[in-house]
Structure formats: C-alpha cells, structure tokens
Amino acid sequence: MKPFAYLRPASVAEAVRAGAGNPGARFLGGGTNLVDLMKLGVESPGLLIDVSRLPLDRVTRTDDGGLRIGATVRNSDLAAHPDVRSHWPALSQALLAGASGQLRNTATTGGNLLQRTRCPYFQDVSKPCNKRIPGSGCPAREGAHRDLAVLGHSQDCVATNPSDMAVALAALDATVQLHGPEGQRTVPATDFHRLPGDNPDQDTVIRPGELITEVVLPPPPAGAVSLYRKARDRASYAFALASVAAVLSVRDGNVDRVSLAFGGLAHRPWRARVAEDLLRGAPPTGDAFTRAVDAELEEARPLRDNGFKVDLARRLAVGALVELTTQAAPA
C-alpha cells in the first residue's frame, strides 16, 4: 500500500473543501470497498478524508411521509429500521442480500452507492482495463465475462454495478443529495450511476469534491407493495448474477403503479421503463408480466458466455411481480 495522508474533518463543509482541493483525495466511510481496492493497488489516494464521524448517521421521516437516510448510516441499521421494513421492504431485503453481517455492520449508505465493479480485470492491476486506465482495452469482452453486463454495455466496458441497495433505490424513486464546492444538488437515484459509453472510468455523475450527504425516499404510493429478489452462485455473500426490485399497486383489477429495476445486468441499476409503460393499466397476470419483461429485455446484447442472464432476469422479474399481486390490496 502506498503512503497517504489522513484527515478527519469536523464538518461537511471542511470535508468538501479538502476534497475539492486535492484531486487525488477519497472520502472514507466504512472502507469496506475502498480499503480493499487500495490493497490491490487499484486505488492509490494521496489523501483519505474520513467522514465516518460527521453527523450524517440519522434516519428521519420527512414531513410528507418519506424518509431521509444519512450517508453514514450503516447498512445493518438501515435494513433493521422499522420504517424501512414496514414501508420500503424492498430496500431492507436488498441490504440483507448484499453482504455478510460483518460487512453490513461497517458499510455505509453513501459508500454502498460508490462501490466499484467486481469485474476481475478491473481488480487485477496486471491486466488492461478501460475503467482503471482509459484507453488500455477491455479484455473481458473476449475473456471471462460470465458475470458481466448484457444491457447498456459498450465496446469499452462490460462491467456491472455490484450494489444491491442501489437497485432498490432506483425502483423506489429515491434521490441522492450531494454537497460540493458549488453548493448542494439533488440527483435521482436512477441517474446517479451512468452507462459506460466511451469513458467507463466514470461510474457516477458525482463531481470532483462532492460528498453524498443523504438519500431521500419519497412516501410509498398508497396500496403499493415492494420486494427485492436476487439470484447468485451461492446463497451467502455473493454478488448478483441478476436481481430485481419491484413496486406494484393494483386498482380496479388492473396495474395502477409499477416500477421495476434490474441489478447484475448493466453498468448501473437498470430501470425497466419499457416494461413499466406496458404494464400500467394492464391486468396483473403472469402473461402480461412476461410480455412486458420480454419487451424490456429485447435490448439485451449478451456476450459469448452470459446469455443465460437474460432468461434468469426474466424469471426473477415475472416471479417477483406475480408474488406482489398476492400481496397488493385491491383498491
């Protein structure tokens, strides 16, 4: 590990100033991903700005019935929060599916959103990787890509976003609050992560020096139910081959509200807008769900060894929606 400086700021403003003034700086929360990448040589920050002691560790209700989640709230605490379990169960389920108990006790909300891909070429500094060294190439396209993207990838990158929590936040229409040198701004969770295009080294739309301060959940729609489902190679502590977060409400025998997001398929959580548009006003049946999900997945472009992900995602999504119809109270 290369030497680095360490700063524990007393305020968000001080943290942002330090981050903006040091291009090689990284914010440190739980460190469950960043420290691993430093050990591998993937990350070599000149300055670590420890934000774990800042007053960003609260979960509070908003005036309209939503929820504010501080950036340093631990994943275990958020998953167990009674409001999250009762009103946003997909988020609790996603967090519990995300890692071992020990990691959830340390990992933070902001850090979870900023974790880097688990593509083996990205993590191996002896291999080329456009995400690590732009222009060096993407050996995953012809190499080991079984676990990688089938949607939204480019010639430069086929990596997938590893976060379970981010998939649930995308389906729940959450927003990410950022504080930076130019002030505060709000980004929809669906837009926070980006597709690789020709600059896959940029995982998110976060600007230099910006710090995630909180995530805000809107009030749950009346009568809506939600869940998160994940398929992986082993039952514990494994990243998603495919996952889905779904929110559904039924009115007068038809789908009233629906949101659907996939994980494990793309460089960011994939909000299934095509499927949602087809399902609104449709009967909540397995056939309708299958047609809508198939239409969404027409955009998939699997590589040599990961075509199975398309069918896996279809089965997960349809199964999740069918399960939700048994929970949704007809209005």
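Pairing between side chains of opposite charge can happen when their charged atoms approach one another. Applying the stated criterion across every chain yields a total of 25 salt bridges. Here Asp-83 and Arg-61 are joined by a salt bridge, their closest N and O atoms 3.5 Å apart. Of this pair, Asp-83 sits in helix α4 (residues 82–87) while Arg-61 sits in strand β4 (residues 59–61), and the two are 22 residues apart along the sequence. One salt bridge in this structure joins Arg-315 and Asp-311, with 2.7 Å as the shortest N-O distance. Placement of both Arg-315 and Asp-311 in helix α13 (residues 308–327) is noted, with a separation of four residues, approximately one turn of the helix. We classify Arg-315 as exposed; its relative accessible area is 60%. Connected through salt bridges with shared partners, the residues Asp-173, Arg-271, Arg-273, Glu-276, Asp-277 and Arg-280 form a single ionic network.

In this section: the nonpolar core. By size, the foremost hydrophobic cluster in this structure holds 46 residues, and its most contacted members are Ile-69, Leu-91, Leu-113, Leu-169 and Leu-217. For this core, the leading source of residues is helix α9 (residues 164–171), giving seven residues. Setting aside its immediate chain neighbours within four residues, Ile-69 contacts Arg-58, Leu-78, Leu-91, Thr-109, Thr-213, Glu-214, Val-215 and Leu-217. Core analysis: the next-biggest nonpolar cluster, separate from the first, contains 35 residues, Phe-262, Ala-266, Leu-297 and Leu-324 among them.

With that settled, consider the environment of Glu-214. Mapped onto the elements, Glu-214 comes out in strand β8 (residues 211–217). Considered as a pair, Glu-214 and Ala-272 are 58 residues apart in the sequence and their alpha carbons are 25 Å apart. When near neighbours in sequence (up to four residues on either side) are disregarded, Glu-214 contacts Arg-68, Ile-69, Gly-70, Ala-71, Thr-175, Val-176 and Gln-177. Among the polar contacts made by the side chain of Glu-214, one reaches the side chain of Arg-68 at a distance of 2.5 Å.

One can describe the packing of helix α5 (residues 89–96) onto α9 by two numbers: an axis separation of 8 Å at closest approach and a directional angle of 170°. Looking at the two axes, α5 sits roughly antiparallel to α9. You can see that α5 and α9 cross each other, and the crossing is right-handed. Residues Ala-90, Leu-91, Ala-94 and Leu-95 of α5 form the contact with α9, whose participating residues are Asp-164, Met-165, Ala-168 and Leu-169. Considering only residue class, the contact of α5 with α9 consists of seven nonpolar, no polar and one charged.

For the rest of this paragraph, the subject is empty space enclosed by the protein. For the coordinates displayed, the defined rule picks out two cavities of 30 Å³ or more. Roughly 80 Å³ of internal volume is contained in the largest cavity. Across the lining of the largest cavity, the residue classes break down as ten nonpolar, two polar and two charged. By volume, the second largest cavity amounts to about 60 Å³.

Looking now at the layout of surface pockets. If a probe the size of a water molecule is rolled over the atoms, the empty space left behind becomes visible. Approximately 350 Å³ is the volume found for the second largest pocket. Residues that form the lining of the second largest pocket fall into these classes: twelve nonpolar, eight polar and six charged.

Sheet faces and side chains relate simply in a regular strand, where the side chains alternate between the two faces. Among the ten residues that make up strand β11 (residues 254–263), seven are buried, leaving the element largely enclosed by the rest of the structure. In this sheet, β11 lies alongside strand β10 (residues 242–251) in antiparallel orientation, the contact comprising nine bridges. Residue Ser-249 lies in a different strand from β11, and its bridge partner there is Arg-257. In this structure, the hairpin formed by β10 and β11 is closed by a connection of two residues, where Asp-252 is found at a positive phi of approximately 55°. Connecting β11 to the antiparallel partner strand β12 (residues 270–271) that follows it, the hairpin turn spans six residues, and Gly-264 within it adopts a positive phi of roughly 75°.

Conventions we followed
- Residues numbered from 1 in each chain as written.
- Predicted model: local features only at pLDDT ≥ 70, side-chain atom pairs only at ≥ 80, totals over all residues.
- Heavy atoms only, no water.
- Salt bridge = Lys/Arg side-chain N within 4 Å of Asp/Glu carboxyl O.
- Helix = DSSP H or I, 4+ residues; strand = E, 2+ residues; numbered from the N terminus.
- Buried < 20%, exposed > 50% of the residue type's maximum accessible area, 1.4 Å probe, protein only.
- Core = buried A, V, L, I, M, F, W, Y, C linked by side-chain atoms within 4.5 Å.
- Contact = heavy atoms within 4.5 Å.
- Polar contact = N/O pair within 3.5 Å; in protein donor to acceptor, adjacent residues only side chain to side chain.
- Axes fitted to C-alpha atoms, helices over the stretch in contact; angles between N-to-C directions.
- Parallel < 35°, antiparallel > 145°, perpendicular 65-115°, else oblique.
- Left-handed = near helix turned anticlockwise from the far one by under 90°.
- Nonpolar A, V, L, I, M, F, W, Y, C, P; charged D, E, K, R; others polar.
- 1 Å grid on protein atoms, 1.4 Å probe; cavity = no way out; pocket = protein on both sides within 12 Å on 5 of 7 lines; lining within 4 Å.
- Points joined across faces, edges and corners; volume = space filled by probe spheres on them.
- Pairing = 2+ DSSP bridges.

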